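A structural walkthrough
For reference, the chains in residue letters:
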Amino acid sequence: MGLRRSSFAHAALAALFPGFFLYHLLVANGLPPVLGGYSVAAAAAVLPLCLLAYVAGGRSAGWHWLDAVFIGFVVVWAIAIGFGAGKPDTGPVVVSHVGAMIQWLALYGTARSADLTGGGLRTWAVTSWVVMTLAVAATLSVETLIQGVLGVASADDEAVATYQDFGLLYLIIALLCVSQLASPISAAFVLVVSVVVLFLNGARSEFVALLVGAWCLMLLLSRRRAWVLGLSALAVAGRWAMSVPLGDLFPDNRIVDLIETRAEGSAREREDMAQAAWRSVMERPLTGRFGDYAPGEYAHNLLSAWVDLGVVGIAALSLALVLPLLALGARMSRHGPDRAAAAAAVFLLLAILLLLLAKTFTYNLVPFALGLYANAAEAWRRNRTAPAP
């Protein structure tokens, strides 16, 4: 992979990840929120960098079948948005989907061109994690950072970032660090700090994903898997031992609600949304009914793709996630799990689990996981076809 190609990609990733944190840190300290929630504007700005990264790679960039599937899926999505734009009362949904699509293109493009085989990604990931963590520490309050836009931002305000935006970006960088760091002590330090940050943030899905993803990475990459299993058992026991003290210290924390199973109301709301989505697709199983819900009341699972994109959309997305995971399993069974394979497998697994249990299909972990896999697969293909020295 050429230096120029990875340089463009890493510049784009720096804008999307630590740039988000630095922007909101500045907003929390008085900067006018000229970019709103930042993510969509930053994604639009880095799209030229994604194109430059691919062009700079030339023939070495390759063309993977997943690239074609991804583009095809985006085209289907764009067509659905176009039809939805002509319906009454779908304006907020259309705007949300357009913003999500821009972020998908940027995240896939940058993950597709990052330096997986050299040390560039490790350096970038660790540097980004340090910057993002220091930005959190500088505010002394995650809530202040996330709700810093004019001091009135909330999770329901689409114009600004939410705690979930924060949680996902931090999750991705933390897991990249854990997957790339060769030192178990360094990886454990990043994990412990990240667990604390996401606990304070309160993004339940991302908190659980961090624990599951880190556990899978350690199990895949560690030479002492018995130690990993033993420490996992201790962590589970500690969860039960600490539930009461944590509840006393953080009575309003969303993670504590999850630990103490106090999130029944949220679960019931999501079940109602899923039932409404199922009724919608039963009425229009082939084409779906784009935007057939109030803003924010979409199915929090893969069924959302069927509602908005029809059977073609949900089928394409399902195959795009499952087939690479199966291919990675086959590769690791033959060659063992290298760091690129382990990272791609864990991100794909988490994307599938979260789409099945908690997230709409527009979730930004999906394009990053797909781009990471396509990147790794092309690197392995180049290594197989490279002439012997």
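Residues numbered from 1 in each chain as written. Predicted model: local features only at pLDDT ≥ 70, side-chain atom pairs only at ≥ 80, totals over all residues. Heavy atoms only, no water.

A few words now on the overall build of the protein chain. Within the protein chain one finds 16 helices and zero strands. Restricting the contact set of the protein chain to residue pairs at least 6 apart, pairs at least 24 apart contribute 74%. Approximately 18000 Å² of the protein chain is accessible, and the part contributed by carbon and sulfur atoms is 68%. (Helix = DSSP H or I, 4+ residues; strand = E, 2+ residues; numbered from the N terminus. Contact = heavy atoms within 4.5 Å. Areas by Shrake-Rupley, 256 points an atom, 1.4 Å probe, with all protein chains shown as cover.)

Turning to the nonpolar core, a few remarks are in order. By size, the foremost hydrophobic cluster in this structure holds 107 residues, and its most contacted members are Phe17, Leu176, Leu317 and Phe368. Looking at this core, the element that brings in the most residues is helix H15 (residues 339-357), giving 14 residues. If we skip the residues at most four places from it in the chain, Phe368 touches Leu13, Phe17, Leu107, Ala111, Ile172, Leu176 and Phe347. (Core = buried A, V, L, I, M, F, W, Y, C linked by side-chain atoms within 4.5 Å. Buried < 20%, exposed > 50% of the residue type's maximum accessible area, 1.4 Å probe, protein only.)

What follows is about unusual backbone geometry. The backbone of Tyr38 sits at a positive phi, close to 85°, despite the residue not being glycine. With respect to the element layout, Tyr38 can be found in the loop between helix H2 (18-28) and helix H3 (39-57).

On to helix H8 (residues 163-180), then. Every α-helix carries 3.6 residues per turn, so stepping three or four residues along brings you back to the same face. End to end, H8 covers 26 Å across 18 residues, agreeing with the expected 26 Å (1.5 Å per residue, within 8%). Across the 18 residues that make up H8, a large majority, 16, are buried. (Expected span 1.5 Å × (residues − 1).)

Take the packing of H8 against H15 next. Running from amino to carboxyl end, H8 crosses H15 at an angle of 150°, the nearest separation of the two axes being 9 Å. In terms of axis orientation, H8 runs roughly antiparallel to H15. Judged by the twist between their axes, the crossing of H8 over H15 is right-handed. On the side of H8, the interface is formed by Ile172, Leu175, Leu176, Val178, Ser179 and Gln180, while H15 contributes Arg339, Ala343, Phe347 and Leu350. Its residues assigned to classes, the contact of H8 with H15 comprises seven nonpolar, two polar and one charged. (Axes fitted to C-alpha atoms, helices over the stretch in contact; angles between N-to-C directions. Parallel < 35°, antiparallel > 145°, perpendicular 65-115°, else oblique. Left-handed = near helix turned anticlockwise from the far one by under 90°. Nonpolar A, V, L, I, M, F, W, Y, C, P; charged D, E, K, R; others polar.)

What follows covers the pattern of salt bridges. Enumeration over the complete set of coordinates arrives at six salt bridges. A salt bridge links Arg289 to Glu283; the nearest nitrogen and oxygen atoms lie 2.3 Å apart. Residue class for Arg289 comes out partly exposed when judged on its relative accessible area of 27%. Of the charged contacts in the structure, one is a salt bridge between Arg381 and Glu378, with a shortest N-O distance of 2.7 Å. Highlighted residues: Arg381 and Glu378, both in helix H16 (residues 365-385), separated by three residues, approximately one helical turn. Judged by relative accessible area, which is 29%, Arg381 ranks as partly exposed. A relative accessible area of 2% places Glu378 in the buried class. Three or more residues are tied together by salt bridges with common partners; here these are Glu283, Arg289 and Asp292. (Salt bridge = Lys/Arg side-chain N within 4 Å of Asp/Glu carboxyl O.)

Fine structural detail should not be taken from predicted coordinates in areas where pLDDT scores are low. Overall, the predicted model of the protein chain reaches an average pLDDT of 81, with 78% of residues at or above 70. Across the protein chain, the element-wise mean pLDDT spans from 51 in helix H7 (residues 142-146) up to 95 in H15. (pLDDT = per-residue confidence, 0-100.)

Attention now goes to the packing of H8 against helix H9 (residues 184-201). For any two helices packed against each other, one specifies the inter-axial angle together with the distance between the axes. The interhelical angle for the contact between H8 and H9, taken along N-to-C directions, is 170°, at an axis separation of 10 Å. Accordingly, the angle class assigned to the pair H8 and H9 is roughly antiparallel. In this structure, H8 uses Tyr163, Phe166, Gly167, Tyr170, Ala174, Cys177 and Val178 to contact H9, whose residues at the interface are Ala187, Val190, Leu191, Val193, Ser194, Val197, Leu198 and Asn201. A per-class count over the contact of H8 with H9 returns twelve nonpolar, three polar and no charged.

On the surface, a cluster of nonpolar side chains totalling about 560 Å² of accessible area is made up of Trp63, Ile71, Val75, Ile79 and Phe83. Structurally, Trp63 can be placed in the loop between H3 and helix H4 (65-85). (Patch = residues over 30% accessible without salt bridge, like charges linked within 9 Å, V, L, I, M, F, W, Y side chains within 5 Å.)

So, about the side chain of Thr110. Relative to the helices and strands, Thr110 resides in helix H5 (residues 91-113). One polar contact links the side chain of Thr110 to the main-chain carbonyl oxygen of Ala106, over a distance of 2.8 Å. Within the structure, Thr110 has its side chain in polar contact with the backbone oxygen of Leu107 (distance 3.2 Å). Filtering out sequence-adjacent residues up to four positions away, Thr110 remains in contact with Ala9, Ala12, Leu13, Leu16 and Cys50. (Polar contact = N/O pair within 3.5 Å; in protein donor to acceptor, adjacent residues only side chain to side chain.)

Bringing a negative patch on the surface into the picture now. Together, Glu269, Glu271, Asp272 and Glu297 line one region of the surface with negative charge. Looking at the secondary structure, you find Glu297 in the loop between helix H13 (264-283) and helix H14 (303-335). (Lys, Arg positive; Asp, Glu negative; His and termini not counted. Charge placed at Lys NZ, Arg CZ, Asp CG, Glu CD.)

Mapped onto the secondary structure, Leu198 falls in helix H9. It is 8.6 Å that separates the C-alpha atoms of Leu198 and Leu210, two residues lying twelve residues apart in sequence.

Inspection of the entire model under this criterion finds 20 aromatic pairs. On the basis of an interplanar angle of 25° and a centroid distance of 5.6 Å, the ring pair of Phe73 and Trp104 is categorised as stacked. Of this pair, Phe73 sits in helix H4 while Trp104 sits in helix H5; the two residues are 31 residues apart in sequence, bridging distant segments of the chain. Considered together, Phe73 and Trp104 belong to a single accessibility category, that of buried residues. The interplanar angle of 85° and the centroid separation of 6.0 Å between the aromatic rings of Trp278 and Trp306 together place this pair among those described as edge-to-face. Of the two residues, Trp278 sits in helix H13 while Trp306 sits in helix H14, which places them 28 residues apart along the sequence. The partly exposed category is assigned to Trp278, whose relative accessible area is 43%. By relative accessible area, Trp306 is classed as buried at 18%. Grouping aromatic residues by their ring pairs yields a cluster made of Phe20, Phe21, Tyr23, Tyr38, Phe166 and Tyr170. The ring of Trp380 carries the charged tip of Arg331 above its face, separated from the ring centre by 3.9 Å. (Phe/Tyr/Trp six-rings, centres within 6.5 Å; stacked < 30°, edge-to-face > 60°. Lys NZ or Arg CZ within 6 Å of the ring centre and 35° of its normal.)

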